[in-house]
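Listed below are the residues making up each chain.
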Amino acid sequence: VHMLAVGVTSKLLAKAAGQPRQMLEEFFIAGLLHDVGEMVLMKYVTEPYHAVVERARAEGKSVCDVAVEDMGITRSDVGAKVSEHWKLPDNLSQVISDQCAGKRDLYLARVVRVADRYCREQGFGYVCDQSDLDITPQHLQEIQLKNSDFQQLKLTLPEEIEKAKVFLEKQG
């Protein structure tokens, strides 16, 4: 649910910021795939990764920092390998591989970062990383979105995320 919520939120943030209509699906896909490395770790390295998540929560650290300390690898590293294997376009690969690096050179990555923070703070889906949830005025400025527009959008986001969930459930 978290990745779907980030996809929907990314698309709506981009739309509110005035991005061209033909680009909105790219924001949705980037949000949907942003944590693919984490999904792989949760599925295939379940116990060690669960221990990383629990330690990060207990110590108030980021999951990325604890993963490097305990496993020597992050969700970004795994996501980069997945995106390489899937031959994803560079812009999507960068969003996926930058999850822990904090580099947000691409506008697309900055929008996904704001969407991810919002969705983690709201508890949409199982959220591993509880650190760094604040959305600052600088974050909104980086995606060219006024705070008033963001506050208005926040009123509709839960309903839009629920609609997407229902749509997917009907498809499956």
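Please read all numbers here as calculations on a predicted model, not as lab measurements.

Draft legend 1. Seen up close, the overall build of the chain. In terms of regular secondary structure, the chain is built from 10 helices and 0 strands. Along the chain, from the amino end to the carboxyl end, the secondary structure elements read α-α-α-α-α-α-α-α-α-α. The C-alpha atoms of the chain give 16 Å as radius of gyration, which agrees with the globular expectation for 172 residues (16 Å, within 12%). Here the chain holds 172 residues, and the buried ones make up 45% of them.

Draft legend 2. Inspection of helix α5 (residues 63–71) at higher detail. Among the residues of α5, V63, C64, V66 and A67 are the ones counted as buried. The arc enclosing the buried residues of α5, seen along the axis, measures out at 165°, which places them on a common side. Residues of α5 that are buried in the fold lie against α3 (36–44), α4 (46–59) and α6 (75–85). Looking one or two places after α5, you find G72, whose phi comes out positive at around 75°.

Draft legend 3. The pattern of salt bridges, seen in detail. Counted by the stated rule, this structure contains 13 salt bridges. Between K61 and E69 there is a salt bridge, with the nearest N and O atoms lying 3.5 Å from each other. The class of K61 is partly exposed, set by a relative accessible area of 31%. Residue E69 is classed as partly exposed on the basis of its relative accessible area of 46%. With its nearest N and O atoms 3.2 Å apart, the salt bridge here joins K163 to E160. Placement of the pair is K163 and E160 together in helix α10 (residues 147–171), with a separation of 3 residues, close to one helical turn. When its relative accessible area of 46% is taken as the criterion, K163 is described as partly exposed. What you see here is one network of salt bridges that share partners, running through R55, E59, K61, E69 and D70.

Draft legend 4. Layout of the packing of helix α1 (residues 2–16) against helix α8 (residues 107–122). Taken N-terminus to C-terminus, the directions of α1 and α8 make an angle of 130°; their axes are 8 Å apart at the nearest point. The angle between α1 and α8 falls in the class oblique. The two elements α1 and α8 meet at a crossing, and its hand is right-handed. Within the contact between the two elements, α1 uses H2, A5, V6, T9, S10, L13 and A14 and α8 uses V111, V112, V114, A115, D116, Y118, C119 and R120.

Draft legend 5. Inspection of the nonpolar core at higher detail. Within the largest apolar cluster, 47 residues are counted, with the highest numbers of intra-cluster contacts made by V8, L13, V63, I143 and L145. Among the elements that line this core, the one with the most residues is α8, at 9 residues.

Draft legend 6. Looking closely at the layout of surface pockets. Estimated volume of the second largest pocket: approximately 210 Å³. Contributing to the lining of the second largest pocket are V8, K11, L12, K15, R21, L24, E25, F28, E160 and A164. When residues of the lining of the second largest pocket are traced back to their parent elements, those giving at least two are α1, α2 (24–33) and α10. Of the residues belonging to the lining of the second largest pocket, the class tally is 5 nonpolar, no polar and 5 charged.

Draft legend 7. Summary view of the packing of aromatic side chains. The tally for this structure, following the rule as stated, stands at 3 aromatic pairs. Ring centres of F27 and Y107 lie 6.0 Å apart, and the angle between their planes is 85°; on these two criteria the pair is classed as edge-to-face. A residue pair is termed long-range when its members are at least 10 positions apart, and F27 in helix α2 and Y107 in helix α8 qualify at 80 residues. Accessibility assignment for this pair places F27 and Y107 in one class, buried. Pairing Y118 with F150 gives two aromatic rings, centres 6.3 Å apart and planes at 80°, and the pair type is edge-to-face. With a gap of 32 residues between them, Y118 in helix α8 and F150 in helix α10 connect regions that are remote in the sequence. In this structure, Y118 and F150 share a single accessibility class: buried.

Rules and cut-offs
- Residues numbered from 1 in each chain as written.
- Predicted model: local features only at pLDDT ≥ 70, side-chain atom pairs only at ≥ 80, totals over all residues.
- Heavy atoms only, no water.
- Helix = DSSP H or I, 4+ residues; strand = E, 2+ residues; numbered from the N terminus.
- Rg over C-alpha atoms; globule rule 2.2 N^0.38 Å.
- Buried < 20%, exposed > 50% of the residue type's maximum accessible area, 1.4 Å probe, protein only.
- Arc of directions from axis to C-beta.
- Contact = heavy atoms within 4.5 Å.
- Salt bridge = Lys/Arg side-chain N within 4 Å of Asp/Glu carboxyl O.
- Axes fitted to C-alpha atoms, helices over the stretch in contact; angles between N-to-C directions.
- Parallel < 35°, antiparallel > 145°, perpendicular 65-115°, else oblique.
- Left-handed = near helix turned anticlockwise from the far one by under 90°.
- Core = buried A, V, L, I, M, F, W, Y, C linked by side-chain atoms within 4.5 Å.
- 1 Å grid on protein atoms, 1.4 Å probe; cavity = no way out; pocket = protein on both sides within 12 Å on 5 of 7 lines; lining within 4 Å.
- Points joined across faces, edges and corners; volume = space filled by probe spheres on them.
- Nonpolar A, V, L, I, M, F, W, Y, C, P; charged D, E, K, R; others polar.
- Phe/Tyr/Trp six-rings, centres within 6.5 Å; stacked < 30°, edge-to-face > 60°.

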